[in-house]
Amino acid sequence: QVRLVESGGGLVQAGGSLRLSCTASGTISSINFMGWYRQAPGKQRDLVATITSDGRTNYADSMKGRFTISRGNTKNTVYLQMNSLKPEDTARYYCNAHLIGGLEVWGQGTLVTVSS
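Since the model is a prediction, treat every value here as computed from it, not as a measurement.

Focus on the nonpolar core
In this structure, Leu-4, Met-34, Trp-36, Leu-80, Met-82 and Tyr-93 are the most contacted members of the largest nonpolar core, which totals 31 residues. Every element with two or more residues in this core is listed here: β1 (2-7), β3 (18-26), β4 (31-39), β5 (45-52), β7 (67-71), β8 (77-82), β9 (91-99) and β11 (110-115). Sorting elements by how many residues they give to this core places β9 first, with 5 residues.

Points about the state of the cysteines
Taken as a whole and judged by the stated rule, the model has 1 disulfide. Each disulfide pairs two cysteine sulfurs, and for Cys-22 the partner residue is Cys-95, the sulfurs being separated by 2.0 Å. Disulfide Cys-22 to Cys-95: torsion about the S-S bond roughly -80°, handedness left-handed. With Cys-22 in strand β3 and Cys-95 in strand β9, the pair connects residues that are 73 residues apart, well separated along the chain. With respect to class, Cys-22 is no different from Cys-95; both count as buried.

As for the sheet that holds β8
The 4 strands are arranged β1-β3-β8-β7 in an open sheet whose pairing can be described as antiparallel. Each end of this open sheet is capped by a strand with a single partner; those strands are β1 and β7. Direction aside, neighbouring strands of the sheet carry axes that sit 15° apart on average. The pairing of β7 with β8 spans 5 bridges and is classified as antiparallel. If you follow Arg-71 over to β8, its bridge partner there is Val-78.

Points about unusual backbone geometry
The residue Ser-84 is not glycine, and still its phi comes out positive at about 50°. Turning to its location among the elements, Ser-84 is positioned in the loop between β8 and β9.

Observations regarding the pattern of salt bridges
Counted under the stated rule, the structure contains 4 salt bridges. Among the ionic pairs, Asp-89 bridges to Arg-38, the shortest N-O distance being 2.9 Å. You can see Asp-89 sitting in the loop between β8 and β9 and its partner Arg-38 sitting in strand β4, a full 51 residues away along the chain. What makes Asp-89 buried here is its relative accessible area of 0%. Two residues, Arg-56 and Asp-54, come together in a salt bridge whose shortest N-O distance is 3.2 Å. If you follow the salt bridges from partner to partner, you end up with Arg-38, Arg-66 and Asp-89 in one network.

What counts and how
- Residues numbered from 1 in each chain as written.
- Predicted model: local features only at pLDDT ≥ 70, side-chain atom pairs only at ≥ 80, totals over all residues.
- Heavy atoms only, no water.
- Core = buried A, V, L, I, M, F, W, Y, C linked by side-chain atoms within 4.5 Å.
- Buried < 20%, exposed > 50% of the residue type's maximum accessible area, 1.4 Å probe, protein only.
- Helix = DSSP H or I, 4+ residues; strand = E, 2+ residues; numbered from the N terminus.
- Disulfide = S-S within 2.5 Å.
- Pairing = 2+ DSSP bridges.
- Axes fitted to C-alpha atoms, helices over the stretch in contact; angles between N-to-C directions.
- Salt bridge = Lys/Arg side-chain N within 4 Å of Asp/Glu carboxyl O.

Below, the structure written as structure tokens:
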């Protein structure tokens, strides 16, 4: 089993930055790639970015340029650096892991609130 724990959310003013962290525990060797998604109140959960075990990244078009996904040295930690935050970035941000075999695991999410 794989467990994901997110941290780093909070309240920030528009134009500010936050870095989210996601730490995976358990059978991390079964993880194919990891990513971040977000869900604003009343809206669907949308992709932010993904990163493979060898560091290849993929971003939703609207996130390119302001958000950066990266991996820690131990490879069981994934970060999301968010810059130039806007009120419309307010959402709960979820860490996701795609496992070998097709299963997915989600974290509990961390809330990001951007004030205008």
